[in-house]
Amino acid sequence: MKKILVTGIEGFVGSHLAQHLSAAGYHVVGLHHAAPTTPLSAELHQGDICNLEQTQSLVERIQPDAVIHLAGITSVAASETNALRTYEVNALGTVKLLEAIRQLSLATRVLLISSADVYGRSNVGKPLTENQPLQPLSPYALSKVMAEEAGWFYHRAYQMDVVILRPFSHTGPGQLPTFVFPKVACGIASAEAGRQQPLIEMGDLEIRRDYTDVRDIVRAYSLALEKCVSGEVYNVTSGQPVLLKEAVEYLCSLARCPITVRPSPKEFRSRDIPLLTGDPSKFAAVTGWKPEIPFQQTLSDLLEYYRNRCSV
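These figures come from a predicted structure and were not determined experimentally.

Enquirer: Run through the sheet that holds strand E12 (residues 241-243), naming residues and quoting values.
Expert: As summarised here, the arrangement of the three strands in space is E12-E9-E14, forming an open sheet in which the pairing is mixed. Among the strands making up the open sheet, the edge pair consists of E12 and strand E14 (275-276). Bridge analysis of strand E9 (residues 208-210) against E14 gives two bridges, and the strand direction is parallel. Across the sheet, residue Arg208 finds its bridge partner in E14, namely Leu275.

Structure (structure tokens):
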């Protein structure tokens, strides 16, 4: 049975990934910083990705066949209020993980989970391929570029088995309400339960983003473990841009009480890109992956998740 180390396992994607990998027969080991809020299908170890000695000790003890590196600060907004911490965790934490593996001379496959945010305004309006120039527009995006560069360096200099994945937007049950659709779903569920007014203030909803269900995303990561080529980068995306306004309206149509959504200046970000969509063909050609869960089901499941939380 292969051992897979998942860093940041306590996060939104990590919890879904642990369940998927465990069901697929892997021995899942999780490195978490914060305490998990839900039971996880994994052998758990608490630690800090920025602590080289701690990380190296764990890697040496478990000897993983592969690492899926999710640990990091994932919010663009949070990165803009604490840029240095974002660079420390996302970039330097990645370097320390790679260095821990290198020093132990392990033949471990490393999946570095980057982000479509690295593209910035590169070729706006057209599906982005992996060959587009990187133009990061936030500390979060820059930290991911830095992490990618570390991955390329360790692959070139030390022949380490590194694969870089650039997922585009994804959502689903368990995502925090600091993101667009969970914020709306949480607001609806709270209003239905009488915990808040049926009013949700949002930023710019006239933008389009590719969206994929998190359960399809973790399936993609599992396929990447076995099928992706070392030293390559792959977009992981539906390739189907969604107008945020239409998706928010669909969520509101599922509400059990009238919901008002209104724009709020404090929610707008000047750097928001009107359209961010990617070309998934390279990843699909290697893995055969394509999204299977319709986006309306994703939104419905997200709303049910928050209804269940509001009922306890």
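Read on, since the account is not over.
Enquirer: Which residues make up the pairing of strand E1 (residues 3-7), and what are the values?
Expert: Of all the five residues making up E1, four are buried; the element is thus mostly covered by neighbouring parts of the structure. Tracing the backbone out of E1, into helix H1 (residues 12-23) and back to the parallel element strand E2 (residues 27-32) gives a crossover that is right-handed. Direction of pairing for E1 relative to strand E4 (residues 66-69): parallel, over a ladder of four bridges. Along E4, the bridge assignment pairs Ile4 with Ala66.

Enquirer: How would you explain helix H8 (residues 244-253) if you had to name every residue and give the values?
Expert: For H8, the complete set of buried residues consists of Leu244, Ala247, Val248, Leu251 and Cys252. Buried residues along H8 cover an arc of 140° about the axis, so they all sit on one side. Considering only its buried residues, H8 is in contact with helix H6 (180-192), E12, strand E13 (260-263) and helix H10 (295-310).

Enquirer: An account of the sheet that holds strand E5 (residues 109-113) is requested, with residue identities and associated values reported.
Expert: If you walk across this open sheet you meet the seven strands as E3-E2-E1-E4-E5-E6-E11, and the pairing is parallel. Both edges of this open sheet fall to strand E3 (43-46) and strand E11 (233-236), since each of them pairs with a single strand only. With direction set aside, neighbouring strand axes in the sheet form an average angle of 20°. Where helix H4 (residues 83-103) meets the sheet, its contacts fall on E1, E4, E5 and strand E6 (161-167), and the angle it forms with E4 comes to roughly 175°.

Enquirer: Got a sec to walk through unusual backbone geometry? Specific residues and values, please.
Expert: The phi torsion at Gln63 lies on the positive side, around 50°, for a residue other than glycine. In this model, Gln159 sits at a positive phi of 55°, which is unusual for a non-glycine residue. The residue Gln159 is located in the loop between helix H5 (139-158) and E6 in this model.

Enquirer: Help me get a handle on the pattern of salt bridges, residues and values and all.
Expert: Summed over all chains, the structure comprises 14 salt bridges. The shortest N-O distance in the salt bridge between Glu201 and Arg262 comes to 2.9 Å. With Glu201 in strand E8 (residues 199-202) and Arg262 in strand E13, this residue pair connects regions lying 61 residues apart in the sequence. In this structure, the salt-bridge partner of Arg307 is Glu304, at a minimum N-O distance of 2.6 Å.

Enquirer: Would you mind going over the packing of aromatic side chains in detail, with residue names and values included?
Expert: Per the stated rule, a full pass over the model turns up 10 aromatic pairs. Ring plane angle 70° and centroid distance 6.0 Å describe the contact between Tyr234 and Phe283, whose orientation is recorded as edge-to-face. Residue Tyr234 is found in strand E11, and its partner Phe283 is found in helix H9 (residues 281-287); the two are separated by 49 residues along the sequence. Across the pair, exposure class does not vary: Tyr234 and Phe283 are buried alike. Members of the aromatic cluster, connected to one another through ring pairs, are Phe153, Tyr154 and Tyr158. When the ring centre of Tyr234 is taken as origin, the NZ or CZ atom of Lys282, which lies over that ring, is 4.9 Å away.

Enquirer: Please give an account of helix H7 (residues 214-227) that cites residues and values.
Expert: Across its 14 residues, H7 extends 20 Å between first and last C-alpha, which sits within 8% of the 20 Å expected from 1.5 Å per residue. Of all 14 residues in H7, 10 are buried; the element is thus mostly enclosed. Along H7, the residues that are buried comprise Val214, Asp216, Ile217, Val218, Arg219, Ala220, Tyr221, Ser222, Ala224 and Leu225.

Enquirer: Requested: an account of the side chain of Ser238, with residues and values cited.
Expert: Of note, Ser238 is situated in the loop between E11 and E12. Of note is the side chain of Ser238, whose polar atom sits 3.2 Å from the backbone oxygen of Tyr211. Filtering out sequence-adjacent residues up to four positions away, Ser238 remains in contact with Asp210, Tyr211, Thr212, Pro280 and Pro291.

Cut-offs applied
Residues numbered from 1 in each chain as written. Predicted model: local features only at pLDDT ≥ 70, side-chain atom pairs only at ≥ 80, totals over all residues. Heavy atoms only, no water. Pairing = 2+ DSSP bridges. Helix = DSSP H or I, 4+ residues; strand = E, 2+ residues; numbered from the N terminus. Buried < 20%, exposed > 50% of the residue type's maximum accessible area, 1.4 Å probe, protein only. Right-handed = clockwise from strand over helix to strand, strands pointing away. Arc of directions from axis to C-beta. Contact = heavy atoms within 4.5 Å. Axes fitted to C-alpha atoms, helices over the stretch in contact; angles between N-to-C directions. Salt bridge = Lys/Arg side-chain N within 4 Å of Asp/Glu carboxyl O. Phe/Tyr/Trp six-rings, centres within 6.5 Å; stacked < 30°, edge-to-face > 60°. Lys NZ or Arg CZ within 6 Å of the ring centre and 35° of its normal. Expected span 1.5 Å × (residues − 1). Polar contact = N/O pair within 3.5 Å; in protein donor to acceptor, adjacent residues only side chain to side chain.

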